[in-house]
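# Structural overview for review
Okay, here's what each chain looks like letter by letter:
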Amino acid sequence: MATILIIDDEKDMRELLRLYLEPEGFTCIEAEDGEAGLAEFNRRHVDLILLDIMMPKLDGYRFCMHVRERSQVPIIFLTARSDEWDRVYGLKIGADDYIVKPFSPNEVVARVHAVLRRTKGIDATSQYEAGPISIDEKARKVKVHGKPIVLTLKEFELLVLFVKHRGQVFTREQLLDRVWGIHYVGSTRTVDTHIKTLRIKLGEAGQLIQTVWGVGYKFDETI
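Quantities reported herein were computed from a predicted structural model and do not represent experimental measurements. (Residues numbered from 1 in each chain as written. Predicted model: local features only at pLDDT ≥ 70, side-chain atom pairs only at ≥ 80, totals over all residues. Heavy atoms only, no water.)

## Considerations on the pattern of salt bridges
Taken as a whole and assessed by the stated rule, the structure comprises 19 salt bridges. Two residues, aspartate 86 and arginine 81, come together in a salt bridge whose shortest N-O distance is 3.3 Å. On the basis of relative accessibility, which here comes to 29%, the residue arginine 81 falls in the partly exposed class. A salt bridge links arginine 111 to glutamate 107; the nearest nitrogen and oxygen atoms lie 2.5 Å apart. Remark: glutamate 107 and arginine 111 occur in helix α5 (residues 105-120); sequence separation between them is four residues, near one turn of the helix. (Salt bridge = Lys/Arg side-chain N within 4 Å of Asp/Glu carboxyl O. Buried < 20%, exposed > 50% of the residue type's maximum accessible area, 1.4 Å probe, protein only. Helix = DSSP H or I, 4+ residues; strand = E, 2+ residues; numbered from the N terminus.)

So, in structure tokens, the structure goes:
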């Protein structure tokens with residue numbers, strides 16, 4: 001089963017997460033701050049990281065950026081910071097999900113399963129070209145004008161879905177079902193937040209993801 005690295009400066013929080021994750025078969029590693037977490041990440045195999053933001057020595061944002069320089073291991077932020085700016089920024093720098101405290105431990109476990117399932121589920125061999133965007137789905141790599149960009153798991157899956165179904169309009173609910181899964185419990189604003197960060201990372205090519213007012217989104221490379 002997968003190994004989960006839990007990084008939080010509150011011991012009670014780490015123990016609570018371990019209490020719910022270990023019965024599901026996960027191996028849990030704990031770290032009390034970003035520096036300790038980075039040390040554990042460097043010396044152990046990790047399949048997913050549960051990461052607090054406000055920590056001493058090295059905060060969650062900087063930890064995430066360090067990891068994203070060399071790894072695409074899934075990262076889920078667990079934090080009391082609930083502002084939209086914090087959520088957008090966390091996703092922009094590479095988080096795969098963002099859960100606001102206080103949360104249900106069962107929801108965290110469900111999201112861990114979902115992220116790991118999607119990570120292991122990318123098995124297509126196709127490559128796609130759409131305007132200046134090049135996608136290697138098997139390698140999970142994206143380039144814009146020949147330059148690599150780093151996307152989170154959900155951003156990547158959204159982009160692949162749009163490119164595979166060019167011109168098709170998707171409602172927010174359909175995108176939630178296709179990318180997050182039919183059992184996802186949360187607001188459709190999650191879709192808006194991820195598309196916002198995806199557009200930012202794509203630069204000028206982000207305008208190919210069009211908002212269809214009152215409905216949802218579509219990918220249009222003819223503009």
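## Quick notes on the packing of helix α4 (residues 84-92) against helix α8 (residues 189-202)
Remark: α4 packs on α8, axes separated minimally by 9 Å, with the N-to-C direction vectors making an angle of 50°. Classified by the angle between their axes, α4 and α8 sit oblique to one another. Crossing angle aside, the handedness with which α4 passes α8 is right-handed. Contact with α4, carried on its side by Glu84, Arg87, Val88, Leu91 and Lys92, involves Arg189, Thr193, His194, Lys196, Thr197, Ile200 and Lys201 of α8 and no other residues of that element. (Axes fitted to C-alpha atoms, helices over the stretch in contact; angles between N-to-C directions. Parallel < 35°, antiparallel > 145°, perpendicular 65-115°, else oblique. Left-handed = near helix turned anticlockwise from the far one by under 90°. Contact = heavy atoms within 4.5 Å.)

## A word on the sheet that holds strand β12 (residues 216-219)
The strand order across the open sheet formed by three strands is β10-β12-β11, and the pairing between neighbours is antiparallel. Whereas interior strands pair on both sides, the edge strands pair on one side only; in this sheet they are β10 (170-171) and β11 (209-212). Where β11 meets β12, four bridges bridge the pair, whose relative direction is antiparallel. Residue pairing for β12: glutamine 210 is matched across the bridge by lysine 218. On the sheet, helix α6 (residues 153-164) packs against β10, β11 and β12 and is oriented at approximately 65° with respect to β12. (Pairing = 2+ DSSP bridges.)

## A word on the sheet that holds strand β4 (residues 75-79)
Pairing between the strands of a sheet is mediated by backbone hydrogen bonds and can be parallel or antiparallel. On the basis of which strands lie adjacent, the open sheet formed by five strands has the order β2-β1-β3-β4-β5 and parallel pairing. Of all the strands in the sheet, just β2 (27-31) and β5 (97-100) have a single pairing partner and so form its edges. In this sheet, neighbouring strand axes are inclined to one another by 20° on average, regardless of whether the strands run parallel or antiparallel. Packed onto the sheet, helix α2 (residues 34-43) meets β1 (3-7), β2 and β3 (48-51) and runs at close to 160° relative to β1.

## Some details on the domain arrangement of the protein
When cut into domains, the protein gives domain 1 (3-119) and domain 2 (127-219). On a C-alpha basis, the centroid separation for the pair domain 1 and domain 2 is 23 Å. Taken together, the contacts link 16 residues of domain 1 with 19 residues of domain 2. Around 1,500 Å² of area is buried between domain 1 and domain 2 when both sides are counted, 51% of it from carbon and sulfur atoms. The interface formed by domain 1 and domain 2 holds two salt bridges in total. Residues aspartate 97 and lysine 154 are paired through a salt bridge, measuring 3.8 Å at the closest nitrogen-oxygen approach. The tally of links from domain 1 across to domain 2 stands at four residue pairs in polar contact (both at pLDDT 80 or more). Of all the elements in the fold, those that place two or more residues in the side of domain 1 that touches domain 2 are α4 and α5. Residues that form the side of domain 1 that touches domain 2 fall into these classes: four nonpolar, three polar and nine charged. (Domains from an automatic or database assignment. Buried area = accessible area lost by both parts, 1.4 Å probe. Polar contact = N/O pair within 3.5 Å; in protein donor to acceptor, adjacent residues only side chain to side chain. Nonpolar A, V, L, I, M, F, W, Y, C, P; charged D, E, K, R; others polar.)

## Observations concerning the nonpolar core
Within the largest apolar cluster, 30 residues are counted, with the highest numbers of intra-cluster contacts made by Ile133, Ile135, Leu159, Phe162, Leu175, Leu202 and Phe219. Where this core is concerned, the elements lending two or more residues are β6 (127-130), β7 (133-136), β8 (141-144), α6, α7 (172-180), α8 and β12. Among the elements that line this core, the one with the most residues is α6, at seven residues. Those residues in contact with phenylalanine 162 that lie beyond four places of it in its chain are Phe170, Leu175, Ile195, Ile209, Tyr217, Lys218 and Phe219. (Core = buried A, V, L, I, M, F, W, Y, C linked by side-chain atoms within 4.5 Å.)

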